[in-house]
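Chain by chain, the residues run as shown.
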Amino acid sequence: MSSQPAAPSKPRILPSLGRLMPYVRPYLPRLIAGVVAALVGALLALAIPLVLRALVDGPLTDGDRAAVWPAAVAVLALGVLEALCIFLRRFFVLQPSTYIEASMRRDLYARLQQLPVAFHDRWQSGQLLSRAVQDLGTLRRFLAFGSVLFVVNLLTLVVGIGVLVWWSPLLGGLFVLLSLPIIVVAFRFEQRYHRVSRRAQDQAGDLATTVEQSVHGIRVLKAFGRGAHALDGFTSQASELRSTEIAKAKQDASLWMWLTIIPFVSYAVCLFVGVWLVSVDQLTIGQLLAFFATAVVLNWPIESMGFLYAFAI
């Protein structure tokens, strides 16, 4: 049984992130530069379908082979520039995130030194170790990737959906409507995942405490022949943690199953409607191709927004 106090109610995301601002503020320019680089890369990816539309409705339809090469070079150039933007995004955000993590670790350790002995009597050392090592690493990954991707992918979706609706209000609206269940799936996932994730965190802390106590008291265990008993207790705790981690994995698998199924169902329905629109001359072949090329570009932002939403709220 864990001896730490009862788990507090779930904190709200915005106030919690606000507490990180003193650590983030010195590196804010580089983080913003990373967001800008990622956003430019996303816009470059969305520009490729525009080139494909012009290529299909223009040179390929007219039989002008000479005009195909400039379009191919344009697609290649856009792809190279997108890759460069991805490199710049990582370059700008990775190093600051490690400095932020190091600052938080230092301040946490200093705070632990200042807290009274009564606090350490209430909290197991393994629980504190889990938060100082595992949780701060999770915060670093969120600052370096999660927060940047959340902002960039949200803006990418707004621009991409605007382009889809501009090409075909019917297809664009249908695509958005069929993608909305992702929000429901993510919300239901978050409610279940938060409970099992917190349980796994507490069990990992308890396990770390058991190992620490066994190592520090190894002479006592050997003197009284209690090694087998300690091993049984450790095995039981490890089995509980394993079961909880499997439950987390099942929740992850369920989420990603729906994040994969829903977009492809929307593609299938939109393809059927799009072919009909082409047959009645309400949409060109180039526009239909560009529509699905843009939808494919939006596939990852849609999936990641559901995933990031589930972990952020």
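Keep in mind it's a predicted model, so treat the numbers as computed, not measured.

Asker: I'd like to hear about the environment of Val75, residue by residue, with values.
Answerer: Counting through the fold element by element, Val75 comes out in helix H4 (residues 68-114). Among the residues examined, Val75 registers a relative accessible area of 26% and is labelled partly exposed. Once the C-alpha coordinates of Val75 and Thr156 are considered, the two residues, 81 residues apart in sequence, prove to be 19 Å apart. When sequence neighbours within four positions are dropped, the list of residues in contact with Val75 reads Ile48, Val51 and Leu52.

Asker: With reference to specific residues and values, describe helix H7 (residues 169-179).
Answerer: Along H7, the residues classified as buried are Leu171, Gly172, Phe175 and Ser179. Taken around the axis of H7, the buried residues stretch over an arc of 100°, which confines them to a single face. Across from the buried face of H7, at angles greater than 90 degrees, the exposed residues are Pro169 and Leu177.

Asker: Outline the packing of H7 against helix H10 (residues 227-279), listing residues and values.
Answerer: Direction vectors running N to C along H7 and H10 enclose 160°, while the axes themselves pass 9 Å from each other. With respect to H10, the axis of H7 lies roughly antiparallel. The two elements H7 and H10 meet at a crossing, and its hand is right-handed. Side by side, H7 and H10 meet where Leu170, Leu171, Leu174, Phe175, Leu178 and Ser179 of the first sit next to Ile262, Ser266, Tyr267, Val269, Cys270, Val273, Gly274 and Leu277 of the second.

Rules of the game
Residues numbered from 1 in each chain as written. Predicted model: local features only at pLDDT ≥ 70, side-chain atom pairs only at ≥ 80, totals over all residues. Heavy atoms only, no water. Helix = DSSP H or I, 4+ residues; strand = E, 2+ residues; numbered from the N terminus. Buried < 20%, exposed > 50% of the residue type's maximum accessible area, 1.4 Å probe, protein only. Contact = heavy atoms within 4.5 Å. Arc of directions from axis to C-beta. Axes fitted to C-alpha atoms, helices over the stretch in contact; angles between N-to-C directions. Parallel < 35°, antiparallel > 145°, perpendicular 65-115°, else oblique. Left-handed = near helix turned anticlockwise from the far one by under 90°.

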